[in-house]
Amino acid sequence: ACSAKNAQTFECVRYDYSRAIGAGVAAAAGMGLWFYGLTIQMPVEPTEMRRLADEYNQKLKRDLGLAAAERGRAPEIRISLAPAGVSISGAF
């Protein structure tokens, strides 16, 4: 039998599986959530989701008193060189 005293020597080897069991449970839960995400059915079509989101955003902008975003503006991309390398940033 293993005791705290002889577990420190080579007379007895104690195995602690609690981390492996915890990692296995976490991995199984993650895989289950991933599979659920693949099989879930959306209540509305993607085009309808986009329309609803646009309507909500426009109403929120009106309520907050913000100006409407300009449509048709091209994305802005900036590239700069720095001593540590190249930096690329953009605004959409």
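Because the structure is a prediction, the values reported are computed rather than measured. Residues take numbers from 1 onward in each chain, read along the sequence in its written order. Residues qualify for local features only when their pLDDT is at least 70, as the model is predicted, and side-chain atom pairs are given and counted only at 80 or more; totals for whole chains, interfaces and linings, by contrast, use all residues. Side-chain descriptors were evaluated using all non-hydrogen atoms of the structure, hydrogens and water having been removed beforehand.

Examining the overall build of the protein
Stage number 1. Helix and strand definitions follow DSSP, with helices as H or I runs of at least four residues and strands as E runs of at least two, each counted in order from the N terminus. On a plain count of helices and strands, the protein comes out with two helices and two strands.
Stage number 2. Only protein chains enter the area calculation, which uses a 1.4 Å probe; residues under 20% of their type maximum are buried, those over 50% are exposed, and those in between are partly exposed. Per-residue burial over the protein gives 2% buried out of 92 residues.
Stage number 3. Here, two residues are considered to be in contact whenever any of their heavy atoms come within 4.5 Å of each other. Expressed as a percentage of contacts within the protein between residues at least 6 apart in sequence, the contacts between residues at least 24 apart total 0%.
Stage number 4. Residue-level accessible areas treat just the shown protein chains as cover; the underlying method is Shrake-Rupley with a 1.4 Å probe. Carbon and sulfur atoms provide 62% of the accessible area of the protein, an area that totals close to 8,800 Å².

Side note on a nonpolar patch on the surface
Stage number 1. Together, Tyr15, Tyr17, Ile21 and Val25 line one region of the surface with nonpolar side chains, adding up to about 510 Å² of accessible area.
Stage number 2. Here Tyr17 lies in the segment before helix 1 (18–39).
Stage number 3. Look at Tyr17 and you get exposed, because its relative accessible area is 53%. The patch calculation keeps residues exceeding 30% relative accessible area without a salt bridge and links them within 9 Å when they carry like charges or within 5 Å when they are nonpolar (Val, Leu, Ile, Met, Phe, Trp, Tyr). Any Lys or Arg side-chain nitrogen located within 4 Å of an Asp or Glu carboxyl oxygen qualifies as a salt bridge.

A look at the confidence of the model for the protein
Stage number 1. Scored from 0 to 100, pLDDT records how confident the predictor is in each individual residue. Scored by pLDDT, the protein has a mean of 79; 73% of the residues are at 70 or more.
Stage number 2. The element-level mean pLDDT for the protein is lowest in strand 2 (residues 85–91), coming to 70, with helix 1 highest at 93.

Regarding the pattern of salt bridges
Stage number 1. Applying the stated criterion across every chain yields a total of four salt bridges.
Stage number 2. Linking Asp54 and Arg50 is a salt bridge whose minimum nitrogen-to-oxygen distance equals 3.5 Å. With Asp54 and Arg50 both in helix 2 (residues 46–64) and four residues apart, the pair spans about one turn of that helix.
Stage number 3. Ionic pairing is found between Arg51 and Glu55, a salt bridge with its closest N-O pair at 2.3 Å. Pair noted here: Arg51 and Glu55 are both in helix 2, with a separation of four residues, about one helical turn.
Stage number 4. Among the residues examined, Glu55 registers a relative accessible area of 44% and is labelled partly exposed.
Stage number 5. Salt bridges sharing partners connect three or more residues here, namely Glu48, Arg51 and Glu55.

Looking at helix 2
Stage number 1. An ideal rise of 1.5 Å per residue puts 27 Å on 19 residues; helix 2 measures up with 27 Å between its terminal C-alpha atoms.
Stage number 2. Looking at the residues trailing helix 2, positive phi occurs at Gly65, about 75°. Multiplying one less than the number of residues by 1.5 Å gives the expected span of a helix.

Topic: helix 1
Stage number 1. Along its 22 residues, helix 1 runs 32 Å from first to last C-alpha, staying within 8% of the 32 Å computed at 1.5 Å per residue.
Stage number 2. Of all the 22 residues making up helix 1, zero are buried; the element is thus mostly uncovered.

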